[in-house]
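# Fold and contact review
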Amino acid sequence: MNARLDNGVIRACQKGNKAAFAVLVEKHYKGVFALCLGILGNVHDAEDAAQEAMLKGFLRIKKLKRQDQFEWWILQIARNHCIDFLRRKKRIKASGVKESRPSGSQTSDHDNLEQAIKRLPRELRVPLTMFYFDGKNAKTIADKLNISHSGACQKIRNARKQLHELLTERTDDEQRL
Amino acid sequence: MNSDCEKMKDQIADLVTGILSEAQEQKLRQHLAECSACRDYTDALQNEDALLTEYVEKMDTDMTHRQERLLQTIDRSCQSRGMNTPSIRRIIMENPMTKYAAAAAIIVGVVLTLSIWDKTTPVAYALEQTAKASHSVRFLHIKDFKAGEDEPKEFWLEFDDQGQAKSIRAHMPAWESPYDGAKEVVWKDGKAKIWFKKKKTLMTIKDQRFADKMSKIIHLFDPKLAVQRFSELEKVGLAKIEIDEPSKKTTPITVTATYSPECKKFGLLADRTVLYVDQTTKLITNLESYCLAEGGDYELMGRTGFYEYDQKIDPAMFVLDNVPSDVMEIDQTTQEIGLEQGDLSDEEIAIKVVREFYEAVIAKDYAKAGRIFGNIPASRIEEKFKELNIVRIISIEEPQPHPTPGVEGFMVPCKLEIEKDGIKSVYEPYGPGVRPVSGRPNRWNIHGGVEK
């Protein structure tokens, strides 16, 4: 769906057409989820944040003045929501409430990968996650994050290199044990 | 792994993620053939890439459930706020994918042709008659009104024996594109002439994308295709058709199509279309589009009027002969425009285009500068830049995605040194904006922003 058609759907949403919002959910939910996962580094938190962000978007859509900027707008809502969430989490940690961790001695490749992704710095984790969710299109990521194409490529490159180091570091540690 | 190999790590990461240029890939492949350490690193990164892809795909399979939960949450939120509209979850989830594919084909309209219409069993008497009556139409004049705008878009069409648009004249008012302003367009023999009135420019292009755009416009306005679309959508359960044929013969037949919401996915913006059909000729006289507003009312979005069916349009209509003599003429069909991208990345070619443009201006090679700037005549470039007297390029910065939504390519910020009365100063143009040449994706040119 191109931007012009997207605009028509958004105008329909602004007139209270709920079904039209479902079209936006189908088109943009994945991108919002990928951004939340990139910022939060945790699937469950990302799910909650993406739900909250899309719901906020639905309730506030009448305030959106430029329909052609819906994607940027909804990603900003998601980003702000995640940052608020991290602030709240930090406060809870500071007040001494312990986070629960998954139990079990068996870890799968996906668990290891998830842990390694979580340990990447956020500025690399966000573009990497979005890149893989978006069908490996660096140009789209550049547009969504408002950075240059070469800047997006550089971040993806560094993320991949660091992720390899983190994954092999774990393997080396395990071999030493 | 030696120090050269350390440098190769960047390229290996790019290779695995699919962002390495072809030229770099060739060099890297030569290195990999000789270096086992780098081959191992490549294998490891490729395995991790497969793992990442698998991890994302696994999460992707849950995406529909996540979306469904979200839609349920929105439904609950609406109920608690007293918004009384049907469940969107139900609307979206009950329809099988086969319907979506069919709807896409019908609405986008590229797949269906009149031959398909001819083979199908007519579902409604009035619709079939309208399709037959419209099929023989060779000339048509259309006015398309948008709610809130006084001036309509206007089209004059000539069809060939097969019912395909042969020549088109279009008047596009300023509201359709405030940046470009009002336009007159003539499309004939695969070439388009566009007169940008505000910009005092006459452009000739031969561009498949433009031709596709024109055929989509025609698809929306061609009455025989409108009735065909109605019928096909009804067959796959995505539209409900109601026909009202009044006994009074001077009152038009009304055909109302109410669309299922998922039609929006394929670009059908209206929730309802009403056709007014003349009882004698069975031809459409008006088409109205409505959208569903809050509270369940249908609100008029636009109206298309069909006039002067089959009144021969003077061939002179398909020639732009009223263009003022002082317009700037840009013919993109006869000359090469911009620069060839070759192996350069998009950012690299954008920088090269800006550098070569200003170097040509400094060297007073206005013909070359004009070719890089969308084929603007040398005299116009000289007029723009002679007074400014650019003497040196100070710097060209990293290209940024163009800030105007919908505009392709980059803005390439740069600093230039200008000299006036022996005094040198820094000059920073607004852009320049650089993008691929229309219809020639491997050539890039400047499209504006070369001055402040």
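This paragraph deals with the pattern of salt bridges. When their charged atoms lie close together, side chains carrying opposite charge are able to pair. Scanning all chains against the criterion turns up 22 salt bridges over all chains. Between arginine 66 of chain B and glutamate 47 of chain A there is a salt bridge, with its nearest N and O atoms 2.7 Å apart. With arginine 66 of chain B in helix H4 (residues 63–80) and glutamate 47 of chain A in helix H3 (residues 43–60), the pair connects residues from two separate chains. Grouping residues by exposure puts arginine 66 of chain B and glutamate 47 of chain A together as buried. With a shortest N-O distance of 2.3 Å, lysine 139 of chain A and aspartate 346 of chain B are connected by a salt bridge. Here lysine 139 of chain A, found in helix H7 (residues 138–145), pairs with aspartate 346 of chain B, found in helix H11 (residues 346–362), and the two come from separate chains. Given the relative accessible area of 35%, lysine 139 of chain A is considered partly exposed. The structure contains a network of salt bridges with shared partners spanning Glu47 of chain A together with Arg66 and Arg69 of chain B.

A separate point is the nonpolar core. Soluble, globular proteins show a tendency: their nonpolar side chains are buried together. In this structure, Tyr259, Phe357, Tyr358, Ile381 and Phe385 of chain B are the most contacted members of the largest nonpolar core, which totals 71 residues. Of all the elements, H11 of chain B adds the most residues to this core, at 8 residues. Excluding its chain neighbours within four sequence positions, the residues that come into contact with tyrosine 259 of chain B are Phe230, Leu233, Leu238, Ala239, Leu268, Ala270, Asp271, Arg272 and Thr273 of chain B. In terms of nonpolar packing, the next biggest core, distinct from the first, is built from 65 residues, Tyr29, Phe33 and Ile39 of chain A together with Val56 of chain B among them.

Taken residue by residue, the interface counts 56 residues in chain A and 58 residues in chain B. Between chain A and chain B, the buried area comes to about 5300 Å², and carbon and sulfur atoms account for 64% of it. Across the salt bridge formed by arginine 69 of chain B and glutamate 47 of chain A, the nearest N and O atoms sit 3.7 Å from each other. Our enumeration of links across chain A and chain B arrives at 15 residue pairs in polar contact (both at pLDDT 80 or more). Of all the elements in the fold, those that place two or more residues in the side of chain A that touches chain B are helix H1 (3–14), helix H2 (18–40), H3, helix H5 (109–119), helix H6 (122–133), H7 and helix H8 (149–176) of chain A. Per element, the largest residue contribution to the side of chain A that touches chain B is 12 residues, and it comes from H2 of chain A. Here the residues of the side of chain A that touches chain B sort into 29 nonpolar, 10 polar and 17 charged.

Where like charges cluster on the molecular surface, the negative patch consists of Asp109 and Asp111 of chain A together with Glu54 and Glu57 of chain B. The set of elements that each furnish at least two residues to the negative patch consists of H5 of chain A together with helix H3 (36–61) of chain B. Inspection of the secondary structure assignment puts glutamate 57 of chain B in helix H3.

What follows covers the state of the cysteines. Residues and elements named next belong to chain B. Under the defined criterion, the tally for this structure stands at 0 disulfides over all chains. Here cysteine 5 is not disulfide-linked; the sulfur of cysteine 35 is the nearest cysteine sulfur, at 3.6 Å. Residue cysteine 5 is classed as buried on the basis of its relative accessible area of 2%. Classification of cysteine 35 as buried rests on a relative accessible area of 11%.

Here we take up the sheet that holds strand E18 (residues 423–427) of chain B. Residues and elements named next belong to chain B. Across the sheet, which stays open at both edges, the 3 strands sit in the order E14-E17-E18 with antiparallel pairing between neighbours. Single-partner strands in this sheet number two, and they are strand E14 (390–396) and E18. Looking at each pair of strands side by side, their axes are set apart by 20 degrees on average, direction ignored. The strands touched by H11 are E14 and strand E17 (414–420); relative to E14, the strand with the most contacts, the crossing angle is about 165 degrees.

Residue and element names in this part refer to chain B. Most of strand E2 (residues 153–159) is tucked away, with 7 of its 7 residues classed as buried. Side chains of E2 alternate between two faces, with Lys153, Phe155, Leu157 and Phe159 and Glu154, Trp156 and Glu158 buried alike. When strand E1 (residues 139–146) meets E2, the two strands line up antiparallel, connected through 6 bridges. Across the sheet, residue isoleucine 142 finds its bridge partner in E2, namely phenylalanine 155. Where E1 folds back onto E2 in an antiparallel hairpin, the turn is made up of 6 residues, including glycine 148, whose phi is positive at roughly 90 degrees. By the bridge criterion, 6 bridges tie E2 to strand E3 (residues 165–172) in an arrangement that is antiparallel.

Looking at where serine 167 of chain B falls in the secondary structure, it is placed in strand E3. Serine 167 of chain B has contacts with Trp156, Leu157, Glu158, Trp187, Lys188 and Phe318 of chain B, leaving out every residue within four places of it along the chain.

This paragraph deals with the packing of aromatic side chains. Residue and element names in this part refer to chain B. Within the structure shown, the criterion is met by 9 aromatic pairs over all chains. Measuring from centroid to centroid gives 6.0 Å for phenylalanine 357 and phenylalanine 373, while their planes differ by 90 degrees, and the two rings are edge-to-face. Taken together, the residues span a long stretch of sequence, with phenylalanine 357 in helix H11 and phenylalanine 373 in the loop between helix H12 (366–372) and helix H13 (378–385) at a distance of 16 residues. A single burial state applies to phenylalanine 357 and to phenylalanine 373, both of which are buried. The lysine or arginine in question, lysine 197, covers the ring of tryptophan 195, its NZ or CZ lying 5.1 Å from the ring centre. For lysine 199, the ring lying beneath its charged end belongs to phenylalanine 196, and the centroid distance is 5.7 Å.

Before going further, it helps to spend a moment on H7 of chain A. For the α-helix, the turn length of 3.6 residues means that residues three or four positions removed from each other point alike. Residues and elements named next belong to chain A. Along H7, the positions that sit buried rather than exposed are Ala138, Ile141, Ala142 and Lys144. One face of H7 carries all of its buried residues, which in axial projection span an arc of 165 degrees. For H7, the side-chain oxygen to backbone nitrogen distance between the N-cap and lysine 139 is 3.1 Å, and the N-cap itself is asparagine 137. Within two residues after H7, asparagine 146 carries a phi angle of roughly 55 degrees, on the positive side.

What counts, and at which threshold
- Residues numbered from 1 in each chain as written.
- Chains lettered and ligands numbered in written order.
- Predicted model: local features only at pLDDT ≥ 70, side-chain atom pairs only at ≥ 80, totals over all residues.
- Heavy atoms only, no water.
- Salt bridge = Lys/Arg side-chain N within 4 Å of Asp/Glu carboxyl O.
- Helix = DSSP H or I, 4+ residues; strand = E, 2+ residues; numbered from the N terminus.
- Buried < 20%, exposed > 50% of the residue type's maximum accessible area, 1.4 Å probe, protein only.
- Core = buried A, V, L, I, M, F, W, Y, C linked by side-chain atoms within 4.5 Å.
- Contact = heavy atoms within 4.5 Å.
- Buried area = accessible area lost by both parts, 1.4 Å probe.
- Polar contact = N/O pair within 3.5 Å; in protein donor to acceptor, adjacent residues only side chain to side chain.
- Nonpolar A, V, L, I, M, F, W, Y, C, P; charged D, E, K, R; others polar.
- Patch = residues over 30% accessible without salt bridge, like charges linked within 9 Å, V, L, I, M, F, W, Y side chains within 5 Å.
- Areas by Shrake-Rupley, 256 points an atom, 1.4 Å probe, with all protein chains shown as cover.
- Lys, Arg positive; Asp, Glu negative; His and termini not counted.
- Charge placed at Lys NZ, Arg CZ, Asp CG, Glu CD.
- Disulfide = S-S within 2.5 Å.
- Pairing = 2+ DSSP bridges.
- Axes fitted to C-alpha atoms, helices over the stretch in contact; angles between N-to-C directions.
- Phe/Tyr/Trp six-rings, centres within 6.5 Å; stacked < 30°, edge-to-face > 60°.
- Lys NZ or Arg CZ within 6 Å of the ring centre and 35° of its normal.
- Arc of directions from axis to C-beta.

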